[in-house]
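The chain contents come next:
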Amino acid sequence: MKFHKLLHLFMFVALVSSNLFCNKEQGPQGFNSIIRTTAETAGTNCSNGGYKVESGIDKNNNDILEDFEVTNTSYICNGIDSNEPATLINVSAEPNGDNCSSGGYRIETGTDVNKDGELQASEVTKTTFICSKALSYYAILNQSNTEAPQSTIVENSLELTINWTRISAGKYLGTLSRSIDLEKSIILSTNHQYVKCQFQNDHEILLMNEMGVNFFADGFSNYSLSIKVFN
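Residues numbered from 1 in each chain as written. Predicted model: local features only at pLDDT ≥ 70, side-chain atom pairs only at ≥ 80, totals over all residues. Heavy atoms only, no water.

Digging into the pairing of strand S8 (residues 150–156)
And then number 1: Note: strand S7 (residues 134–143) against S8, six bridges, orientation antiparallel. What sits directly across from Tyr138, in S8, is Glu155.
And then number 2: The loop that links S7 with its antiparallel partner S8 comprises six residues; one of these, Asn145, has a positive phi angle of about 50 degrees. (Pairing = 2+ DSSP bridges. Helix = DSSP H or I, 4+ residues; strand = E, 2+ residues; numbered from the N terminus.)

Regarding the state of the cysteines
And then number 1: Within the structure shown, the criterion is met by one disulfide.
And then number 2: A disulfide bridge connects Cys46 with Cys77, and the sulfur atoms are separated by 2.0 Å. A torsion of -70 degrees about the S-S bond marks the disulfide between Cys46 and Cys77 as left-handed. Taken together, the positions of Cys46 in the loop between strand S1 (33–40) and strand S2 (50–57) and Cys77 in strand S3 (residues 70–77) put the pair 31 residues apart, joining distant regions of the chain.
And then number 3: In this structure Cys46 comes out as buried when scored by relative accessible area, which is 0%. (Disulfide = S-S within 2.5 Å. Buried < 20%, exposed > 50% of the residue type's maximum accessible area, 1.4 Å probe, protein only.)

Re the sheet that holds strand S5 (residues 104–111)
And then number 1: Read from one edge of the open sheet, three strands run S4-S5-S6, paired in antiparallel fashion. Lying at the two open borders of the sheet, with one neighbouring strand each, are strand S4 (87–94) and strand S6 (124–131). With direction set aside, neighbouring strand axes in the sheet form an average angle of 20 degrees. (Axes fitted to C-alpha atoms, helices over the stretch in contact; angles between N-to-C directions.)

With respect to the sheet that holds S2
And then number 1: If you trace the three strands from one edge of the open sheet to the other, you get S1-S2-S3, paired in antiparallel fashion. For this open sheet the edge positions go to S1 and S3, each flanked by a neighbour on one side alone. This sheet shows a mean twist of 20 degrees between the axes of neighbouring strands, independent of strand direction.
And then number 2: Of the strand pairs in this sheet, S2 and S3 are connected by seven bridges, and their pairing is antiparallel. Its bridge partner lying in S3, Val53 is registered against Ser74.

Details of the environment of Thr37
And then number 1: Turning to its location among the elements, Thr37 is positioned in strand S1.
And then number 2: Between the C-alpha atoms of Thr37 and Tyr75, which are 38 residues apart in sequence, the distance is 9.6 Å.

What about the nonpolar core?
And then number 1: One finds Leu207 and Ile227 to be the most contacted residues of the largest nonpolar core, which totals 22 residues.
And then number 2: Only S7, strand S9 (162–168), strand S10 (171–176), strand S12 (195–201), strand S13 (204–212) and strand S15 (220–230) provide two or more residues apiece to this core.
And then number 3: It is S15 that contributes the most residues to this core, five residues altogether. (Core = buried A, V, L, I, M, F, W, Y, C linked by side-chain atoms within 4.5 Å.)

Topic: unusual backbone geometry
And then number 1: Of note in this structure, Glu159 is not a glycine but carries a positive phi near 55 degrees.
And then number 2: Secondary-structure assignment places Glu159 in the loop between S8 and S9.
And then number 3: What makes Glu159 partly exposed here is its relative accessible area of 42%.
And then number 4: The backbone phi angle of Asn222 is positive, close to 55 degrees, even though this residue is not glycine.
And then number 5: Checked against the element boundaries, Asn222 lands in strand S15.

Observations concerning the pattern of salt bridges
And then number 1: Applying the stated criterion across every chain yields a total of six salt bridges.
And then number 2: Across the salt bridge formed by Arg166 and Asp218, the nearest N and O atoms sit 2.8 Å from each other. Here Asp218 lies in the loop between strand S14 (215–216) and S15 and Arg166 lies in strand S9, a separation of 52 residues in the sequence.
And then number 3: Overall, the relative accessible area of 30% leaves Arg166 in the partly exposed class.
And then number 4: Here the residues in one salt-bridge network are Arg36, Lys52, Glu54 and Asp67, joined through shared partners. (Salt bridge = Lys/Arg side-chain N within 4 Å of Asp/Glu carboxyl O.)

Some points on the packing of aromatic side chains
And then number 1: As enumerated under the stated definition, the model contains two aromatic pairs in all.
And then number 2: Aromatic pair Tyr172 and Phe220: ring centres 5.9 Å apart, planes at 70 degrees, arrangement edge-to-face. Placement of Tyr172 in strand S10 and of Phe220 in strand S15 is noted, with a sequence separation of 48 residues between them. An identical accessibility class is assigned to Tyr172 and Phe220; each is buried.
And then number 3: Centroid distance Phe220 to Tyr223: 5.8 Å. Interplanar angle 75 degrees. Geometry classified as edge-to-face. Like Phe220, the residue Tyr223 is buried in the burial classification.
And then number 4: The rings of Tyr172, Phe220 and Tyr223 are connected pair by pair, giving a single aromatic cluster.
And then number 5: The aromatic ring of Phe216 is capped on one face by Lys171, whose charged end is 4.5 Å from the ring centroid. (Phe/Tyr/Trp six-rings, centres within 6.5 Å; stacked < 30°, edge-to-face > 60°. Lys NZ or Arg CZ within 6 Å of the ring centre and 35° of its normal.)

Laid out in structure tokens, this is it:
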């Protein structure tokens, strides 16, 4: 029975490994959702042992979920009777939709009733989802005289820094510390009547204080800049 459980654990880890990076569409300089699975010994979380499933954002881009990156932990436990059929698990990519607005993973579990070592659709008893989350950068900008805009960062799960320079009156260029994949869903929002912004390329933002048609001027305050990137 011990070998039987280890065999299913090996099959599970192999299955997860083959699906681990299904959302990895953001390019080498983006962040991706990632999951980690380990055997859970008998104890408080699972009285007869089972699996521990952890998920989070791969912030350091090493394709490994580190302890500090874990944001969600769940357990899939074996049955109480050791003679019962093994508990199996199936992990697959979940596309953008009602279950996960930004995509993620579908985790199906159930009992191997026919003991064929595979989780059939008719054997699935529980389905859960681990969803990707949007990473964001949110800052308040102020600009006066001929100085470059100054920013106060409010939120920065994107771990970006933006270096602002003044190009000319009312026009400013922000250089990002790393590139952003423009193929992803990105929201670049403002809250100012005259200040507008747009991506010049994957690592530069153009900010313009347009007071009239083709009339640009320095000076604005409490301008909010928000960037959201969905994995």
